[in-house]
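Inside the fold
Residues per chain, in single letters:
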Amino acid sequence: MGIAHFSLLCVFRRISLTDRMLKLMDKYTDQLETLVEQRTRQLEEEKERADKLLYTMLPRQVAEKLKIGQSVAAEAFDCASIYFSDIVGFTDMCGKSTPFQVVDVLNDLYTMFDELVDKFDCYKVETIGDAYMVVSGVPERNGTRHSYEIAAMSLRFLHAIETFRVRHRPGERLGIRIGLHSGGCAAGVVGMKMPRYCLFGDTVNTASRMESTGLPSKIHTSRDFYLQLQNHGSEFITEERGTLEIKGKGQMTTYFLVGRQTPQPDPRQDFGNLLLPSQLSHHPTIKSPSLSPGSWPRTLEPTSHSNVLENGNSITPVVCVTASTPVTSEDGFDPMGRL
């Protein structure tokens, strides 16, 4: 019995040791899998950060080619619109500010511009000192829309600069000169260290000349840009500046872009042109709902399809049309919903 009991005990010990080893291996495997998942997730996050940084330096399609080792050949573009601007009085400001203050001004201003560029079909090419360069139609072709995008963006820049304040000189306002030109150009990646996507051609030089011969807080355009802008009708307001002597170009007729035509108001938000119930009955195409002055609602809220007025527990639709006679408080109804 003693020998048999001892043999059985040894078998149980061997089984127990094997089970413990298997359990330890399973636990180690689980921990390893968790660790691999964590490291993979961290790697993906770092890759996303690196890609995001790369995409701020180069166009996405160009960056993707460079990532897989492909060369990026220069590409010709038949027509694009280029924006140049610089800060009026920048040299004088630098002489009265510390280098750190100058960096803060440029960073604040161009961070604001960068955010605005993203709202348009435009690509920021580069900044050199106080110069800011943007293009539309490159690297993504957009037909004839490039002049529209650059013009709309330029007007937005002028509007934004009006509210911009310099941190260390809050009492002073910055001004910028803007130059625009349209024409053919070439684009490609230059350099291996800190590669940049650059534009080349006479169009770039002419856009720079439009900026340097412009006036503070004005958008100076070439005739080529002006003609491109005519493809979009009369939405933009321009005025001819006259003929100027442009360095390296000779005599050129130039223009100022001064604004845009006021867009038509959205009838869903034009509460001032709401017809009164009494006026609806006389409208040739609209039937008036039966409402008495005492039942007129007190609140007015626009919806996605019509203006709906809330009256107690009932909802009464009101049609938005252009009234032949302006609605005033003398009619007994305040268009803004106040009785």
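Cut-offs applied
- Residues numbered from 1 in each chain as written.
- Predicted model: local features only at pLDDT ≥ 70, side-chain atom pairs only at ≥ 80, totals over all residues.
- Heavy atoms only, no water.
- Buried < 20%, exposed > 50% of the residue type's maximum accessible area, 1.4 Å probe, protein only.
- Helix = DSSP H or I, 4+ residues; strand = E, 2+ residues; numbered from the N terminus.
- Pairing = 2+ DSSP bridges.
- Phe/Tyr/Trp six-rings, centres within 6.5 Å; stacked < 30°, edge-to-face > 60°.
- Lys NZ or Arg CZ within 6 Å of the ring centre and 35° of its normal.
- Contact = heavy atoms within 4.5 Å.
- Lys, Arg positive; Asp, Glu negative; His and termini not counted.
- Salt bridge = Lys/Arg side-chain N within 4 Å of Asp/Glu carboxyl O.
- Patch = residues over 30% accessible without salt bridge, like charges linked within 9 Å, V, L, I, M, F, W, Y side chains within 5 Å.
- Areas by Shrake-Rupley, 256 points an atom, 1.4 Å probe, with all protein chains shown as cover.
- Charge placed at Lys NZ, Arg CZ, Asp CG, Glu CD.

Our next topic: the pairing of strand 4 (residues 176-190). In summary, the side chains of a regular strand alternate between the two faces of the sheet. In terms of residue burial, strand 4 counts as a mostly covered element, since eleven of its 15 residues are buried. In this structure, strand 1 (residues 75-87) lies alongside strand 4, joined through eleven bridges in antiparallel fashion. Within strand 4, the position partnered with Tyr83 by the bridge is Leu180. Here strand 4 pairs with strand 6 (residues 219-222) via three bridges, running parallel. Counted as the bridge partner of Gly179 is His220 from strand 6. Pairing analysis gives five bridges linking strand 4 to strand 5 (residues 196-200), with the strands arranged antiparallel. Along strand 5, the bridge assignment pairs Val190 with Arg196.

A few words on the packing of aromatic side chains. Per the counting criterion, the structure on display carries ten aromatic pairs. Ring geometry for Phe113 and Tyr132: centres 5.4 Å apart, planes at 75 degrees, overall edge-to-face. Taken together, the residues Phe113 in helix 4 (residues 99-117) and Tyr132 in strand 3 (residues 131-136) connect sequence positions 19 residues apart. Residues Phe113 and Tyr132 agree in their burial class; the two are buried. Seen from their ring centres, Tyr132 and Phe157 are 6.1 Å apart, and the 70 degrees between their planes marks the pair as edge-to-face. Within this pair, whereas Tyr132 is found in strand 3, its partner Phe157 is found in helix 5 (residues 146-161), the two being separated by 25 residues in sequence. There is no split in this pair, since Tyr132 and Phe157 are both buried. Ring-pair connections join several aromatic residues into one group, and the members of that group are Tyr83, Tyr110, Phe113, Tyr132 and Phe157. Sitting over the ring of Tyr55, Arg60 keeps its end group 4.0 Å from the ring centre. Lys218 extends its terminal NZ or CZ atom over the ring of Phe256, reaching a point 5.4 Å from the ring centre.

The subject of this paragraph is the side chain of Asn142. Counting through the fold element by element, Asn142 comes out in the loop between strand 3 and helix 5. Not counting the four nearest positions on each side in its chain, Asn142 is found in contact with Asp121, Ser136, Gly137 and Glu149.

This part covers the environment of Leu155. Relative to the assigned elements, Leu155 resides in helix 5. Leu155 gets classed as buried once you look at its relative accessible area, which sits at 17%. Between the C-alpha atoms of Leu155 and Arg260, which are 105 residues apart in sequence, the distance is 8.4 Å. Excluding anything up to four places from it in sequence, Leu155 contacts Ile219, Phe236, Leu257, Val258, Gly259 and Arg260.

The residue Asp130 is located in the loop between strand 2 (123-128) and strand 3 in this model. Among buried charged residues, Asp130 stands out as having no salt bridge; its nearest opposite-charge side chain is Arg177, 6.3 Å away. Excluding anything up to four places from it in sequence, Asp130 contacts Ser85, Asp86, Ile87, Phe90, Leu106 and Tyr110.

Okay, a negative patch on the surface next. Residues Asp26, Asp30, Glu33 and Glu37 make up a contiguous surface patch of negative charge. What makes Glu37 exposed here is its relative accessible area of 52%.

A separate point is a nonpolar patch on the surface. There is a patch of nonpolar side chains on the surface, built from Tyr28, Leu32, Leu35 and Val36 and spanning about 370 Å² of accessible area. Tracing the backbone through its elements, the reader meets Val36 in helix 1 (residues 2-57). Classification of Val36 as partly exposed rests on a relative accessible area of 45%.

Cis geometry marks the peptide bond from Val138 to Pro139; its omega dihedral reads -5 degrees. Note that Pro139 resides in the loop between strand 3 and helix 5. Its identity is not glycine, yet Ser217 carries a phi of approximately 60 degrees, on the positive side. Tracing the backbone shows Ser217 in the loop between helix 6 (202-212) and strand 6.

Looking now at the environment of Leu158. For Leu158, the position within the fold is in helix 5. Its relative accessible area of 14% is what places Leu158 among the buried residues. Each C-alpha atom, one on Leu158 and one on Arg177, is 9.3 Å from the other, the two residues being 19 residues apart in sequence. Every residue in contact with Leu158, bar those within four places of it in the chain, is listed here: Ile176, Ile178, Ser217 and Ile219.

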